[in-house]
Each structure stands twice: as structure tokens, then as C-alpha cells.
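Take a look at the letters that make up each chain.
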Amino acid sequence: MSIVSELLFEARAAAQSLAALATGPHIRLGVTGLSRAGKTVFITALIEQLTKAASPALYGRRNNLPVFRVHAEGRLIGATLEPQPDDAVPRFAYEDHIAALAGPKGNAGARHWPQSTRRISELRLRLHFDQKTGMRPGRQSLAIDIVDYPGEWLLDLPLLGKSFAQWSRETFIASASAARTPLAAQWRRATANVDPRGSASEEEARREAQLFTNYLRACRADEYHFSSLPPGRFLMPGDLEGSPALTFAPLAVEEGETYPPDSFAAMMERRYEAYKTHVVKPFFRDHFSRLDRQIVLVDALAALNAGPAAMRDLETALTDVLAAFRAGRSNILSTLFRPKIDKILFVATKADHLHHTSHDRLEAILRHLTAKAIARVETVGAEVDVIALAAVRATREAKVGGPDEPALEAVIGRPLEGEHIGGETFDGNSEAAIYPGELPRDPEAVFRDEPRSLTPTEIDYRFVRFRPPVPVRSPNGTLLPPPHIRLDRALQFLFGDRLG
Ligand code: GDP
């Protein structure tokens, strides 16, 4: 960073601190996770629960958030949406998302899951509450800026410390693992014919970038569900969709070797460096470095469905995510961009796909996964917790089985149209009882290629996607917040200490 941009950075940070003073008590919460992890659904449900928790429409009903202390103690007065502080960042489209979940124009039959996160967005929520402790008992408020951004972008941080040659070498090595080799074959065959010293060609650059992106997309597909696939914008381009900034790909170049300025290798290297300077750094400087707290959503069930290779890859991705929060000062870039995060919550989403007897096991698997990742990046310098939850619960539970069979702990819901299990394909309207299988008792087992120590029911898990639950309204027509699993635990961890 030059002295000028460092000064600008300092000036901006000072301006932000002044703005924070004007706002009063304030938390900037980052919500991230890889594509389809459940960010949009989580934020939508969080806002819906908080804005309606103290609503008269819910009086007399069971407390929906028993673990969220400020509410359980009757001190939550309400929550309101406010204009967000950053004019240059799109607003999180909460109203559209809740309308999707409830069914457009009140037509519950047309309800559907909202449009997933594709770029950064933001929303400000203000909680009003009675403070019971501290210097100023009485009515208080806490502003919460929720910043939703693709986890793929976080995985780009390590690129800042890597040369083009180093990144290329590592990308080729990763693509040669047993599981990825078939997916990378077409791109690697084409790259083998490229002469790095040949003259720079836009056409070739586009072809290489396209084949490389196809490889990354194939790795991301449900049946493989790999997580660690930088550069993040190739899969989640945000506003850079179709931009020349993304027209590069790894090349077999030697580290320390120089290539003529008009060669293909030099062109690819320039674009890689431009990606770091104009895409990666601004994101970390302008958004990431300003976060106070972070929630990382993980679709562990999709990785479990795909198998041990996907689980090991998820662990690598979480290690990279945690490296972004690392307390160590060894890396000047991480010092500049590292936010002063004091809490990180890892969440295994979509727990409603499992019977509650497996929720603790799902949590144990994620805890194991993050403990391994934390051990690799030394300390992260923040309080870390792990929760398995469903922001929106689309199932209920039942025991199924014939008179002569042992009863199985199943979940009942409406599988999405086209989902299938054991030869049956669902139409999206009928309810079905699904036996998702039990997660293994030993979290380590899900990383092993041959889980020998498991019973057959333990390894036989299979998850299907469900439609959102049928919306429920109060007698005066107010849409009630959807059912959830353990969302209140997440609220307590993230905000509880500031609402005492
Ligand atoms: P994003 O890419 O991280 O924003 O992911 P979304 O929030 O859009 O979630 C992706 C998909 O996961 C949704 O379309 C739903 O099918 C599913 N999903 C997310 N959260 C839940 C949940 O709490 N329960 C259930 N049953 N499905 C969920």
C-alpha cells in the first residue's frame, strides 16, 4: 500500500468512527458462507423474528425465541429497519425475500425460497430494549448493520500473498487430486497446448478462462460439493459478471522466470495482479476490515452428502476463512485488512433436514471441523462458537416403520419438485416422510474414505431439499415469523452481551 492510500485508508477509518459515534451503540455483523449455504434465508429469518418478536400479533403465543435473553426477560421493546449507512452498497432485499417465503401477493401456494446471495448487500436494524445493568439503565437501542457477502470472496485473501506462478502451481496440484482429476481434464488438456512464451491473445485468454471456470463450476456441483475454489469471483462475480478482470487462468510458468512483456504468460500475470489490486484488496479494505462480528454459515449436510473428499475440502476452505481473521501479525496485508472481530459464530445450516436426535451430532461435526481449522491458523483472537440450526424450519418429526420393523426417526416435509430418493421423484406438492439416516457418533468418521466403525444406519444418510413451510398468519392477517431451530441461540451469542 502506498503512503497516500494508507493515509486515505486512515482518514476513512476516522470518518467511520465519527459516524459510529453519531449512531450510538453499534455492531457491524458480517454474514458469510459459500454459495447456497443459507445466508439469504438466515438474514431474512433473523430480521423477521426480531422485528416481530415484540409484536402484538404474537401476544399470548409461545415465546419463539426462549434462549434470546433480552426477549425472554421481557425487555425487548421492538426492532425497526433504518436507512443503511453506506450509500454505495446495495440494500439487502428483505421485503422481496419475505414475500417469496410467504408466497407472492399472499398466495401461499406460490411460496418459494428467496433469490440467493450473489453480491454484497447491507441492511440496518435497530433493536430497542430496556437495559437492566450498567451506567445507564432504562430505554436503550443497539444498531446492527448486517453485511451479507459471498464466502467465495473471503477465500481470495491468500491470493494477496501469492505470485501468479505460485498460485498457478498450487491450482494445478489441487486439480490433480483423485476426486478433481476427471473434472479438470478438459481444461488441463487445453492448457497443456498453450505456449506461455507465445504471443498474447485475447481469444486464447477467454477460452482458457472459460474452461477454467467450467472446471471450478463442476467442482461446486452437488455431487462433488468442493468448497475451496479460488479466485472467488470466478464463481461469484457480483458486479464483475463478464468483466475482463476475470479473463485469466493458471498457466504452467516457472517461479522466478521472466517472460517477454508481449507473451501470453505476461498477459495472464498482469491480469492476475490486477484482480488482486482492483478486486480483492478493495473488498477487504472497504468492507471486511470494518466488521465487528462474523457469522460463517456452512452447508455441512451437502458436503456430507457428497462424501469424505468434500468434507476434507470444506476443512481446507474453513482454514482459509479463519486465516482471514487470524491474530498473528506476520503478514502485513492481514494486519491492514484484518477486522477487529471479537466473536465468530460457525453455523451448520438446514438442521431441519435431520431428526433432532442428530442435531448435536451435526454440531459436533462442525465443531470438529473448525477446531482442526483453528489449530492450523494458530489463534483467531476472537470468541468462537458453533451451532447447528435451521433459520426456517420446513419439516416436522415423526416415527415411521411397518408393524414388524424397528421405528425410524424421520422428518416430514414437502420435498421440492424434482427431488428424488430411492427411485421416487417428488412433485413439489405432496408431503413425504424421509428417513435421513443418523449422523455418525464419531465426527472424525466423516473425513475417512472407509468409515469402518459405523453401523449401516449411521452411514446411510441422504438429504432432500424441502419447500418452505406453509406460512401462518395471525387473526388480523399479520404474517407470523416462520418456525426455526436454535436461531435464538445464535441471536444470544451474537448480540446478547450488548443487550444486558
Ligand atoms: P445463500 O447462497 O447462502 O444466500 O443461500 P440461501 O439462503 O439462498 O439458501 C440456499 C437454499 O438452501 C435455499 O434456497 C433453500 O433451499 C435452502 N435453505 C436455506 N436455509 C434453509 C433452512 O433453514 N431450512 C431449509 N429446509 N432449507 C434451507
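On a predicted model such as this, the values are computed, not experimentally measured, just so you know.

**Section: the overall build of the protein**
And then number 1: Counting its regular elements, the protein contains 16 helices and twelve strands.
And then number 2: Taken over 500 residues, the protein has a buried fraction of 53%.
And then number 3: Within the protein, contacts between residues at least 6 apart in sequence are counted, and of these 75% link residues at least 24 apart.
And then number 4: Summing over all exposed atoms, the protein offers an accessible surface of approximately 22,400 Å²; the carbon and sulfur share of this is 53%.

**Re the packing of aromatic side chains**
What describes a pair of aromatic rings is the distance from one ring centre to the other and the angle between the planes of the rings.
And then number 1: This model, assessed by the stated rule, comprises 19 aromatic pairs.
And then number 2: When the centroid spacing of 6.1 Å and the interplanar angle of 45° are considered together, the rings of Phe164 and Trp167 count as tilted. Taken together, the positions of Phe164 and Trp167, both in helix α6 (residues 164-175) and three residues apart, correspond to about one turn of that helix. Neither residue differs from the other here; Phe164 and Trp167 are each classed as buried.
And then number 3: Pairing Trp167 with Phe212 gives two aromatic rings, centres 6.0 Å apart and planes at 85°, and the pair type is edge-to-face. Remark: Phe212 occurs in helix α8 (residues 202-220) and Trp167 occurs in helix α6; sequence separation between them is 45 residues.
And then number 4: When its relative accessible area of 0% is taken as the criterion, Phe212 is described as buried.
And then number 5: Pairwise contacts between aromatic rings join Phe164, Trp167, Phe172, Trp187, Phe212, Tyr215, Phe234, Phe248, Tyr272 and Tyr275 into one cluster.
And then number 6: Positioned above the aromatic ring of Phe226 is the side chain of Arg180, whose terminal nitrogen or guanidinium carbon lies 5.0 Å from the ring centre.
And then number 7: The ring of Phe493 has Lys343 lying over it, and the distance from NZ or CZ to the ring centre is 4.3 Å.

**A closer look at the pairing of strand β3 (residues 121-131)**
Consecutive side chains of a regular strand alternate in pointing toward one face of the sheet and then the other.
And then number 1: When you tally the buried positions in β3, you get eight out of eleven residues, the bulk of the element.
And then number 2: With eleven bridges connecting them, β3 and strand β4 (residues 138-148) associate as antiparallel partners. Bridging from a neighbouring strand, Leu127 pairs with Leu142 of β4.

**Observations regarding unusual backbone geometry**
And then number 1: The omega torsion across Pro230 and Pro231 is 0°, close enough to zero to call that bond cis.
And then number 2: Mapped onto the fold, Pro231 is located in the loop between α8 and α9 (232-235).
And then number 3: Even without glycine at this site, Lys105 takes up a positive phi of about 55°.
And then number 4: Within the element layout of this structure, Lys105 appears in the loop between α4 (94-102) and β3.
And then number 5: Among the residues examined, Lys105 registers a relative accessible area of 89% and is labelled exposed.

**Remarks on the sheet that holds strand β9 (residues 408-413)**
And then number 1: Taken together, three strands build an open sheet; the order of strands is β8-β9-β12 and the sheet is antiparallel. Whereas interior strands pair on both sides, the edge strands pair on one side only; in this sheet they are β8 (396-400) and β12 (432-434). Ignoring which end each strand starts from, the neighbouring axes of this sheet average 40° apart.
And then number 2: Pairing of β9 with β12 involves three bridges; the strand directions are antiparallel. When the bridges of β12 are listed, Gly413 appears paired with Ala432.

**So, the packing of α6 against helix α7 (residues 181-192)**
And then number 1: The N-to-C vectors of α6 and α7 enclose an angle of 135°; their axes lie 9 Å apart at closest approach. Our classification of the angle between α6 and α7 gives oblique. Between α6, through Thr171, Phe172 and Ser175, and α7, the contact on the second element is made entirely by Thr181, Ala184, Trp187, Arg188 and Thr191.
And then number 2: Among the residues making up the contact of α6 with α7, the classes are represented as three nonpolar, four polar and one charged.

**Here's the deal with α7**
And then number 1: With twelve residues, α7 extends only 14 Å from end C-alpha to end C-alpha; this falls clearly short of the ideal 16 Å at 1.5 Å per step.
And then number 2: Within α7, burial applies to Leu183, Ala184, Trp187 and Thr191. Down the axis of α7, the buried set is contained in an arc of 65°. They therefore lie on one face. Facing away from the buried side of α7 by more than 90 degrees, the exposed set consists of Pro182, Gln186, Arg189 and Ala192.

**Observations regarding the site of the ligand**
And then number 1: Around the ligand, the surrounding shell holds 18 residues, and the nearest of these are Arg36, Lys39, Thr40, Ser116 and Asp352.
And then number 2: One nitrogen or oxygen atom from the side chain of Lys39 is found 2.8 Å from an oxygen atom belonging to the ligand.
And then number 3: In the shell around the ligand, the residues fall into eight nonpolar, six polar and four charged.

**Quick word on the confidence of the model for the protein**
And then number 1: Overall, the predicted model of the protein reaches an average pLDDT of 87, with 89% of residues at or above 70.
And then number 2: The secondary structure element of the protein with the lowest average pLDDT is helix α15 (residues 456-459), at 47, and the one with the highest is helix α16 (residues 487-495), at 98.

**What to know about the sheet that holds strand β7 (residues 383-388)**
And then number 1: Across the sheet, seven strands lie side by side as β2-β3-β4-β1-β5-β6-β7; this open sheet has mixed pairing. The open sheet has two edge strands, β2 (76-82) and β7, and neither has a second partner. Taken over all neighbouring pairs, the strand axes of this sheet differ in orientation by 20° on average, direction set aside.
And then number 2: Taken strand by strand, helix α12 (residues 308-323) contacts β5 (293-298) and β6 (343-348), and its axis lies near 170° from that of β5.

Analysis parameters
Residues numbered from 1 in each chain as written. Predicted model: local features only at pLDDT ≥ 70, side-chain atom pairs only at ≥ 80, totals over all residues. Heavy atoms only, no water. Helix = DSSP H or I, 4+ residues; strand = E, 2+ residues; numbered from the N terminus. Buried < 20%, exposed > 50% of the residue type's maximum accessible area, 1.4 Å probe, protein only. Contact = heavy atoms within 4.5 Å. Areas by Shrake-Rupley, 256 points an atom, 1.4 Å probe, with all protein chains shown as cover. Phe/Tyr/Trp six-rings, centres within 6.5 Å; stacked < 30°, edge-to-face > 60°. Lys NZ or Arg CZ within 6 Å of the ring centre and 35° of its normal. Pairing = 2+ DSSP bridges. Axes fitted to C-alpha atoms, helices over the stretch in contact; angles between N-to-C directions. Parallel < 35°, antiparallel > 145°, perpendicular 65-115°, else oblique. Nonpolar A, V, L, I, M, F, W, Y, C, P; charged D, E, K, R; others polar. Expected span 1.5 Å × (residues − 1). Arc of directions from axis to C-beta. Near = heavy atom within 4 Å. Polar contact = N/O pair within 3.5 Å; in protein donor to acceptor, adjacent residues only side chain to side chain. pLDDT = per-residue confidence, 0-100.

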